[in-house]
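Fold and contact review
Residue-level listing of the chains:
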Amino acid sequence: MSTVTTDPHAHAEHEHHGPAKGLKRWLYTTNHKDIGTLYLLFSLLMFFIGGAMAMVIRAELFQPGLQIVEPNFFNQMTTVHGLIMVFGAVMPAFTGLANWLIPMMIGAPDMALPRMNNWSFWILPFAFSILLASLFMEGGGPSFGWTFYAPLSTTYSNDSTALFVFSVHIMGISSIMGAINVIVTIMNLRAPGMTYMKMPLFVWTWFITAYLLIAVMPVLAGVVTMVLTDKYFGTSFFDAAGGGDPVLFQHIFWFFGHPEVYIMILPAFGIISSIVPTFSRKPLFGYASMVYATSSIALLSFLVWAHHMFTTGMPVAAELFFMYCTMLIAVPTGVKVFNWVATMWRGAMTFEVPMMFSLAFIVLFTIGGFSGLMLAITPADFQYHDTYFVVAHFHYVLVTGAIFSIMAAAYYWLPKWTGHMYDETLGQWHFWCSLISVNVLFFPMHFVGLAGMPRRIPDYALQFADFNALISIGGFAFGLSQLLFVWLVVKCIKGGEKATDQVWEGAEGLEWTIASPAPYHSFTTPPEIK
Amino acid sequence: MALKHQPVVIKLCLLTAAMFGFGYALVPLYDVFCDLTGLNGKTSTMAATAEAAIPDKQREVLVEFIARPNNNMPWVFEPVVHKIRVHPGEIHRIDYLAHNITGRSMTAQAVPSVSPGQAALYFNKMECFCFTQQHLTAGQQLLMPLQFYVDPALPEQFSTITLSYTLYEVDAVAPVTAETATGDNNE
């Protein structure tokens, strides 16, 4: 494999294809590694902006009563926190990982559509500038929740809604372009011998995620357009006065919204399926079943949207249908969890930071999955609906699920990206601080939720005071812990122990056969897969 | 290389466009679905013809009437009776009072909704002020009729039907009510 490592260097020097200098390198780049880096850094920035909003929310909720912010501003914080974290932090982080890793994992020289790749990244900062700028408008930014239910977003919203709609449009276009790129890359640029069933699971999960994106992001674009025309152009999609129906909004939104939650978790499954075998020094247990489980989760995700709407007054037959379909998803998800555990079984395990985050993912994501099952039970959902129990549920699957998997991925591939090992001690500190604080933050939310504390409210009844103070402390600690991560990443980029090509003793896959740091151009001649 | 990508890219772009269209197609699909199931509690906008249904004297259903003007609507709007017990199949007539307390002429449209939603399919209106728009001059009062019967086929589990009207000012939502107005003229 040494030929592969030396080849790209020679090629780059020969044709002067190294990166351009300065800002232009990043502005005009069509290199998948540069674009991947841009996505990841952008996502990190958004993670901290969205996180700062979460800190405002937790500071206000530290005590009952209104202390720090106006209720209207509080609502803007919950809304924009959700939007930023979903569309600005989690999704671009996965797209960044896809850009960096998919070509290296399938032996391709770059993404299939590099110029479009540049566009799909560079429109994102505009989308989020528009969204964030709307917070400074007269009357404030969007305050109707990230789910922008009509009529809150139509009849009762202010004019920043137009900016919200356009920013969502741009985010959607960016995601769709990214998804098209991923699919074309995977279908057309696999190295000779890399059949579909030999692809690493991260590639598989992204392949399926990309189809989900193409299927539902246009529906989101449609529903925000309907909100826009209802508000400004006199249509009545969601206005009963004109023959529309506000409940229709929820159906269309969640037809997008439920596949969207799998868009945010399927690549995470791929990451965990890459990391667990490496640190267990065993091949992944049940590769084929993982592929089929991922596909069936994706298909089922189109049949469960109305479990977000049990309290809208559906016929019992429909409630039962959506309840059973939702519970059915637990089966392929369970297959995955069992496969990860079986991979570890009798493995020669070590516990470096990527593995620690992966183990935490498996345990905590499963907790989030179980609270999801509780929410799926229609009659029980009438109690849980719109309480902090729901908040606890989706933060377990998105923070200790998606975000933890992204952290694991960052630690796992950072040596390949930078050529340096990260500081293991600092990484362990980051992990343990995050693990403890995230549970102090989100676990008590189950209890206050079951006791009836509603979500999206800046004030609460006195009996929830102690738990909320505890939750806020956990929140601040979790927020501060993430600064350790930034310090670690900066340190790792600047220097550190040289990483070997394989980096991890048990690592397998094409990306570990090229040099560390990965050369600017890799696999210009495709490797042969046996 | 680019030639190899083109067919896939075109297919994916078509899929994207189709899914955007599908989002919009959900609107009429939802209406059809609701018409068939009564899911959203919308009653028919057509006048029902009086069938020679034999009233089911054995059974009584409580019909409740709720009426309210929309938030921005300054009229007084209420049913004269708030609830009656009916035998399914019997034709009843009740009146709603509308009073334009403002100093200007206004046009209004009442939008009905039945709860529980599935009972909407069995609530038949032979005559209703909601089929047309109501025009009241400043200070004018009007008794508006509603003639209905409950279909004897109403499933056993429904013993109470609530009919709710919300009254909207038409000028505020001109483009779409123009459409409903033409539909109503046919009846």
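As annotated in an unreviewed UniProt entry, chain A is Cytochrome c oxidase subunit 1 from Rheinheimera soli. What UniProt states about chain A under its Catalytic activity (unreviewed entry) heading is, verbatim, "4 Fe(II)-[cytochrome c] + O2 + 8 H(+)(in) = 4 Fe(III)-[cytochrome c] + 2 H2O + 4 H(+)(out)". Note on chain A: under the UniProt heading Pathway (unreviewed entry), the record states "Energy metabolism; oxidative phosphorylation."

As a further point, take helix α8 (residues 201–232) of chain A. Residue and element names in this part refer to chain A. Taking 1.5 Å per residue as the helical rise, α8 with its 32 residues ought to reach 46 Å, and the 45 Å between its terminal C-alpha atoms agrees with that figure. In α8, a bend of some 25° at I214 exceeds every other bend along the element, and P218, a proline, comes one to four places later. Counting buried residues in α8 gives 29 out of 32 residues, a clear majority hidden from the surface. Phi for G234, located one or two positions after α8, is positive at around 75°.

What follows is about the pattern of salt bridges. Residues and elements named next belong to chain A. In the structure shown here, the tally under the stated rule is eight salt bridges over all chains. The salt bridge involving R25 is made with D34; its shortest N-O contact spans 2.7 Å. Exposure remark for R25: the relative accessible area of 22% places this residue in the partly exposed category. A relative accessible area of 3% places D34 in the buried class. The residue K491 makes a salt bridge to D423 at a minimum N-O spacing of 2.5 Å. One end of the pair, K491, is in helix α18 (residues 465–494); the other, D423, is in the loop between α16 (388–418) and α17 (424–450), and 68 residues separate them in sequence.

Residue and element names in this part refer to chain A. For the pair helix α3 (residues 32–60) and helix α5 (residues 114–122), the least separation of the axes is 10 Å and the interaxial angle reads 15°. The angle between α3 and α5 falls in the class roughly parallel. α5 is crossed by α3, and the crossing has left-handed handedness. Residues H32, I35, L38, Y39 and F42 of α3 form the contact with α5, whose own contacting residues are P114, N117, N118, S120, F121 and W122.

Take the pairing of strand β9 (residues 160–169) of chain B next. Residues and elements named next belong to chain B. Taking burial as the measure, the 10 residues of β9 include eight buried ones, the bulk of the element. Two strands pair when backbone bridges link them, and strand β1 (residues 61–69) and β9 are joined in this way by eight bridges, in the parallel orientation. Bridge assignment links L62 to a residue of β9, and that residue is T160. Here strand β5 (residues 106–115) runs beside β9; their pairing, made up of eight bridges, is antiparallel. Note that in β9 the partner of S113 across the bridge is S164.

The rules behind these values
- Residues numbered from 1 in each chain as written.
- Chains lettered and ligands numbered in written order.
- Predicted model: local features only at pLDDT ≥ 70, side-chain atom pairs only at ≥ 80, totals over all residues.
- Heavy atoms only, no water.
- UniProt positions renumbered as here; feature names shortened; annotations may be inferred.
- Helix = DSSP H or I, 4+ residues; strand = E, 2+ residues; numbered from the N terminus.
- Expected span 1.5 Å × (residues − 1).
- Bend = angle between axes of the 7 residues up to and from the residue.
- Buried < 20%, exposed > 50% of the residue type's maximum accessible area, 1.4 Å probe, protein only.
- Salt bridge = Lys/Arg side-chain N within 4 Å of Asp/Glu carboxyl O.
- Axes fitted to C-alpha atoms, helices over the stretch in contact; angles between N-to-C directions.
- Parallel < 35°, antiparallel > 145°, perpendicular 65-115°, else oblique.
- Left-handed = near helix turned anticlockwise from the far one by under 90°.
- Contact = heavy atoms within 4.5 Å.
- Pairing = 2+ DSSP bridges.

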